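A closer look at the structure
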Amino acid sequence: MKLRALIIVLSLLIFSCSNKEAKVFTETDIQIIPKPERLKLGEGHFEFNKNTVFFTTDVSQSAAAQILIDKFKTVQGWDLKTVETLPKSNYIQFKTSEDIKKEGYKLLAENNIITIEANNFNGFLYGIETLRQLLPVEIESQVKVESIDWVIPNIDIVDAPRFKWRGLMLDVSRHFFQKEYIKKTIDRLAYHKMNTLHLHLVDDQGWRIEIKEYPKLTQIGAYRVDQEDKPWDGRYTPSLDEKATYGGFYTQDDIKEIVAYAESRGVNVVPEIEMPAHVTSAVASYPELSCLGKPVSVPSGGLWPITDIYCAGKESTFEFLENVLNEVLELFPSKYIHVGGDEATKTNWKACAHCKKRMKDENLNSPEELQSYFIKRMERFISSKGRVLIGWDEILEGGLAPGATVMSWRGVKGGLEASEQGHDVVMTPGTHCYFDHYQGPMNTEPLAWGGNTPVSKVYEFDPIVDSMSDEQAQHVLGGQANLWSEYVPTESHSEYMIYPRIAALSETLWSPKKDRDWLDFSYRMESLFKSYKYQNINYAKSAYTISSDAKVNDATNTINVSLKNEFPVSDIRYVLNGASLDSTAIAYSKPIEIKATTTIKASLYKDNKPVGKVFEKTFNYHKAVGKKVVYNTKYHNSYKGKESTNMVNIIRGTKNFHDGQWQAWLVNDMELTIDLDEEIEIQDVSVGTMEHQGPSIYFPTQIEVLLSKDGKAFKSVGKIDRPYKNNASIILKDFNIHFDPQKARFVKVKAKNLKKTDKGGDTWIFIDEIVVR
Ligand code: ACM
Ligand code: ZN
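Below, the structure is looked at part by part. Source: prediction; values computed, not measured. (Residues numbered from 1 in each chain as written. Chains lettered and ligands numbered in written order. Predicted model: local features only at pLDDT ≥ 70, side-chain atom pairs only at ≥ 80, totals over all residues. Heavy atoms only, no water.)

Focus on the nonpolar core
Put simply, the rule reads: For our purposes a nonpolar core is just a set of buried Ala, Val, Leu, Ile, Met, Phe, Trp, Tyr and Cys residues, chained together by side-chain atoms within 4.5 Å. Only protein chains enter the area calculation, which uses a 1.4 Å probe; residues under 20% of their type maximum are buried, those over 50% are exposed, and those in between are partly exposed. Put simply, DSSP H or I for four residues or longer makes a helix, DSSP E for two residues or longer makes a strand, and each gets a number counted from the N terminus.
Among the nonpolar cores identified, the biggest contains 145 residues, and Trp207, Ile502 and Leu563 are the most heavily contacted of them. Top element by residues in this core is helix H8 (residues 315-331). It accounts for eight residues. Formed by 38 residues, the second largest nonpolar core is a distinct cluster that contains Ile67, Leu68, Ile128 and Leu131.

Printed below as a string of C-alpha cells:
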C-alpha cells in the first residue's frame with residue numbers, strides 16, 4: 001500500500017513537471033471485465049499513435065486487429081494499418097500458438113511492442129477486447145475526441161474462459177427488434193467476451209424468420225393486432241378479421257447478414273424454433289398444424305395456458321417442421337439448434353384422434369411420453385444433419401432424446417438430471433439468469449415480469465452446482481442470460497435490462513471461480529459505466545438505488561431502519577422529516593432508530609456528488625409496531641416475509657411479490673392475532689394486500705377484524721367483502737376497517753382466500769402490513 005502511494009505521488013510529480021510525461025499505472029487503473037485469469041503489471045507503457053501498425057499473418061488475426069483499427073478511426077481519424085513484415089517498433093504483433101487454450105490469449109505489452117498470442121480467432125479477438133479495456137475509456141467514443149494519450153501500461157496477461165457457452169438469449173417474438181439492434185448487441189457481447197447469441201425466433205405472439213416454403217408464417221404469423229397501449233396480460237383475443245399491423249420479421253438475407261456479422265465478432269447464433277407449444281403464430285398461419293385445425297389469431301399479448309399446439313399425431317406436422325428446419329439449418333451454421341419444448345399444455349392431444357392413434361401405435365402411455373416422442377423424432381432429424389438438438393428442460397419429461405442437450409431454466413434441477421444422465425447442459429436458472437426480472441426495488445424500476453435479479457445476484461451465479469459430481473460438471477457447457485420481452489418493447493429498454501447484468505454474468509462464465517469478488521467487481525463496474533456511456537448504451541443504474549429494511553426491537557417497540565444499495569462499500573447520506581439533502585446530510589453508518597412516523601430522504605454519493613435516484617420514504621409508526629403476532633393459520637413456506645415481525649415492522653411490501661416483505665397463503669385463509677401487551681384505545685385497523693392475477697395472487701374476498709380484552713372472547717368490529725373481479729395489472733390495496741374508539745388488547749384479523757380461479761387454479765393471498773391506530 002505504501003509503495004502504491006509513493007508511486008501515485010511520484011506520478012503526480014512527473015505530471016506537474018511535464019504534461020507530456022506519461023502516467024504511471026497502478027493496479028487500480030486496471031479495470032477489466034471479465035477479470036483475466038492472470039495479470040502482472042509492469043513498469044513502463046506502450047503508446048498508440050498514428051504510426052502504430054498491426055503485424056498479422058492470417059485473416060483471423062487481421063479481422064481481430066480491424067476492430068481496434070476501426071475504433072481509432074472513429075475517435076482519432078487515424079488510418080492504422082495491418083502489415084505483413086515485422087516492423088522495428090511501435091506495433092502489435094499477433095502470434096498463433098497451438099499451446100494456448102481455446103478462446104484464450106496471452107497479451108504482453110512491453111514498451112514499443114504488444115504481442116497477442118492465441119490459437120483461434122476468438123482468442124485474438126479477446127486479446128483485442130482486453131486492449132480496448134486497457135486503453136483510456138474514450139476509445140469507446142462514437143465521435144472524435146481530443147487530447148487523449150492512448151497509453152496502456154506494460155502488462156503481462158494470460159487469460160482463457162472457464163466455460164465455453166457464454167450466452168444471451170433475445171426474445172424477438174414478444175417484441176420484434178431490428179436487425180441493426182441485433183448487430184449492436186453482438187458487438188457488445190464480444191466486448192464482454194461472450195460468444196453465444198440465442199435468438200428466440202418463434203413464439204405465440206410472432207413468427208420472426210422468413211421461411212420460403214411457408215410464406216404465411218411471416219405474412220400472417222409475424223403480425224398481431226396492435227394493443228401495445230394495454231398491459232401485456234390485459235389484451236383481448238383479436239377476432240380473425242381484425243387488421244394485424246404490429247410486428248416484423250427477418251428475411252433470409254437479414255439472417256445471413258446477422259450470422260456473418262456474428263461470425264466477425266466470435267459469436268455463434270443459435271436459432272430457436274419452438275415446438276410443440278408457443279406456436280400460436282404458426283397455427284394462425286397454418287391452422288391445420290394444430291389438433292383442432294381451427295383458425296386462430298396471433299395473440300396480441302399474454303396467452304395462458306397454451307393449448308393450440310402442434311398436433312403430434314399428424315405426419316404433416318413433422319413434414320412441416322423438417323421443411324422449416326431444412327431452411328433454418330441452411331442459414332445458421334450453429335452446431336446447436338434449439339427446439340424450445342417448454343410449457344406445452346397437452347389438453348388437445350388427449351382428445352385428438354390423430355394424437356390418440358399415435359400414442360397407441362407407438363406404445364406411449366402419457367401425453368408426456370408423446371411430447372418425448374415428438375422431441376426424439378426431431379432430435380433424430382437434427383442429428384442426421386450433423387447438428388445437436390438443444391431444448392428447455394421440459395424435454396426431459398417422458399424421456400430425453402439420446403443426443404439432446406438441455407437448457408435448464410426451472411432452476412438447476414433439469415441441469416442436474418440431464419448431466420446425471422450423461423447429457424450436456426447449459427444453465428439458465430430463472431433465479432440468476434432471467435433478465436426480464438426486476439433489478440432493483442420494484443417501485444423504482446420500470447414494469448417487469450416479476451422476480452428480483454439485481455446485478456449482485458447475477459454475480460453469484462455459478463453454472464456448476466455444488467452437488468454435481470466431477471463427471472456431471474464436465475457436462476456443463478456454461479450459462480446464459482435470457483431476456484424475455486413481454487415487458488421490453490423498445491431497444492433502449494432492452495439495453496436497460498441487459499447492462500450491466502451481462503457484465504456480472506460474463507465474469508461468472510469467464511473468470512476463475514476463486515477470483516469472484518463482489519466488492520472488487522463493484523469498483524470495476526464504475527469504469528464499465530463510463531465505457532457504456534461512451535458506447536451510448538442505456539444501462540441501468542439500479543445498483544445505485546437505495547433500499548431500506550427494518551428490524552423490530554422487541555424490547556423498545558422501535559424500528560431500526562437500515563439503508564443500503566448494492567455496493568458493499570458505499571457513501572449513503574440522509575436527512576429526516578423534510579430537511580433537504582444538502583451539506584447537512586448525515587453520513588449513514590448504522591441503522592436509523594424510528595419511534596414515531598418519520599420520513600427518510602437519502603442518496604448515494606460518489607466523489608461528494610449524489611448519484612442515482614433519491615430515496616424518499618415515510619415510515620408510518622402505529623400502535624402494533626413490534627408487538628407479538630400469533631398465527632392461527634401459518635403462512636406458506638415460500639413467502640415467509642420477516643416471519644413473526646413481518647406484519648408489524650413498518651416496512652411495506654412492494655409490487656414485487658418476491659421482495660421479502662410479504663407473507664402469503666395458498667388456498668388457505670389467513671387468521672392471526674396481535675397482542676398489544678395491554679389494553680389501549682384503538683379505532684382503526686388496516687390490512688395491506690396485493691393483487692397480481694398473472695401469478696394467481698388475488699385480493700382476499702373478505703377481511704374481518706375482531707377485538708378482545710382477554711384473548712378469548714372476540715367481538716367483530718367490521719368486515720369488508722370484496723368479490724372477485726378480473727384485473728390485468730398489479731394493484732396494492734389497504735382494506736381499512738374503522739370503528740368507534742374502544743379499548744382492546746387483542747386484535748384478530750381474518751382474510752378469506754378466493755381458493756380457486758375461474759379456470760380452476762389455486763389462488764394466493766398476499767398480506768403486509770397490519771396497521772393498528
Ligand atoms: C421459459 O422461460 N419458458 C423457457
Ligand atoms: Zn393431435
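This is not the end of the story, as more comes after the structure.
Looking at the pattern of salt bridges
We apply this condition: Any carboxyl oxygen of Asp or Glu that lies within 4 Å of a side-chain nitrogen of Lys or Arg is treated as forming a salt bridge with it.
Following the criterion strictly, the structure yields 41 salt bridges and no others. Linking Glu140 and Arg132 is a salt bridge whose minimum nitrogen-to-oxygen distance equals 2.8 Å. By relative accessible area, Glu140 is classed as buried at 1%. Judged by its relative accessible area of 7%, Arg132 is buried.

Structural notes on the packing of aromatic side chains
Both the distance between ring centres and the angle between the ring planes are used here to describe each pair of aromatic rings. Put simply, the test is: The criterion for an aromatic pair is that two Phe, Tyr or Trp rings (for Trp, the six-membered ring) have centres within 6.5 Å, with stacked assigned to planes under 30 degrees apart, edge-to-face to planes over 60 apart and tilted to the rest. The rule is short: NZ of Lys or CZ of Arg within 6 Å of the ring centre and within 35 degrees of the ring normal puts a charge over the ring.
For the structure on display, the rule yields 40 aromatic pairs. Between the aromatic rings of Phe176 and Tyr250, the centroid separation amounts to 4.7 Å while the plane-to-plane angle is 45 degrees, which identifies the pairing as tilted. A residue pair is termed long-range when its members are at least 10 positions apart, and Phe176 in the loop between strand S8 (165-171) and helix H4 (179-191) and Tyr250 in the loop between strand S13 (246-247) and helix H6 (252-263) qualify at 74 residues. Overall, Phe176 belongs to the buried group, its relative accessible area being 15%. Three or more aromatic residues joined by ring pairs form one cluster here, namely Tyr499, Phe529, Tyr532, Tyr539, Tyr544 and Phe567. The ring centre of Tyr261 lies 5.3 Å from the NZ or CZ of Lys183, which sits over that ring. In this arrangement the basic side chain of Lys193 is found over the ring face of Trp510, its NZ or CZ atom lying 5.9 Å from the centre.

Some thoughts on the coordination of the zinc ion (ligand 2)
Put simply, the rule reads: Each metal site is built from N, O and S donor atoms within 2.8 Å (3.2 Å for Na, K and Ca), and since water is not included, such sites may look incomplete. Geometry is assigned from donor-metal-donor angles: four donors are tetrahedral when every angle falls between 85 and 135 degrees, four are square planar and six octahedral when opposite donors sit over 155 degrees apart with all other angles between 65 and 115, and any other arrangement is irregular.
Those donors, Cys291 (SG), Cys311 (SG), Cys352 (SG) and Cys355 (SG), are the protein atoms that reach the zinc ion (ligand 2), and they lie 2.3 to 2.4 Å from it. For the zinc ion (ligand 2), the four donor atoms in the first shell make angles of 105 to 114 degrees at the metal, so the coordination geometry reads as tetrahedral. All donor residues of the zinc ion (ligand 2) come from one chain, and their arrangement in sequence is C-x19-C-x40-C-x2-C. Of the two residues, Cys291 sits in the loop between helix H7 (280-285) and H8 while Cys311 sits in the loop between H7 and H8, which places them 20 residues apart along the sequence. Accessibility expressed as a relative area gives 0% for Cys311, which makes it buried.

Examining the side chain of Ser334
Spelled out, the test is: N or O atoms closer than or at 3.5 Å make up a polar contact, with two conditions inside protein: a donor-capable atom paired with an acceptor-capable one, and, for residues adjacent in sequence, both atoms drawn from side chains. Residues count as neighbours in contact if any of their non-hydrogen atoms are within 4.5 Å of one another.
Mapped onto the elements of the fold, Ser334 is located in the loop between H8 and strand S15 (336-340). Side-chain polar atoms of Ser334 contact the backbone oxygen of Tyr336, separated by 2.6 Å. If near-sequence neighbours (up to four positions away) are discounted, Ser334 is found in contact with Asn268, Val269, Val270, Pro271 and Arg387.

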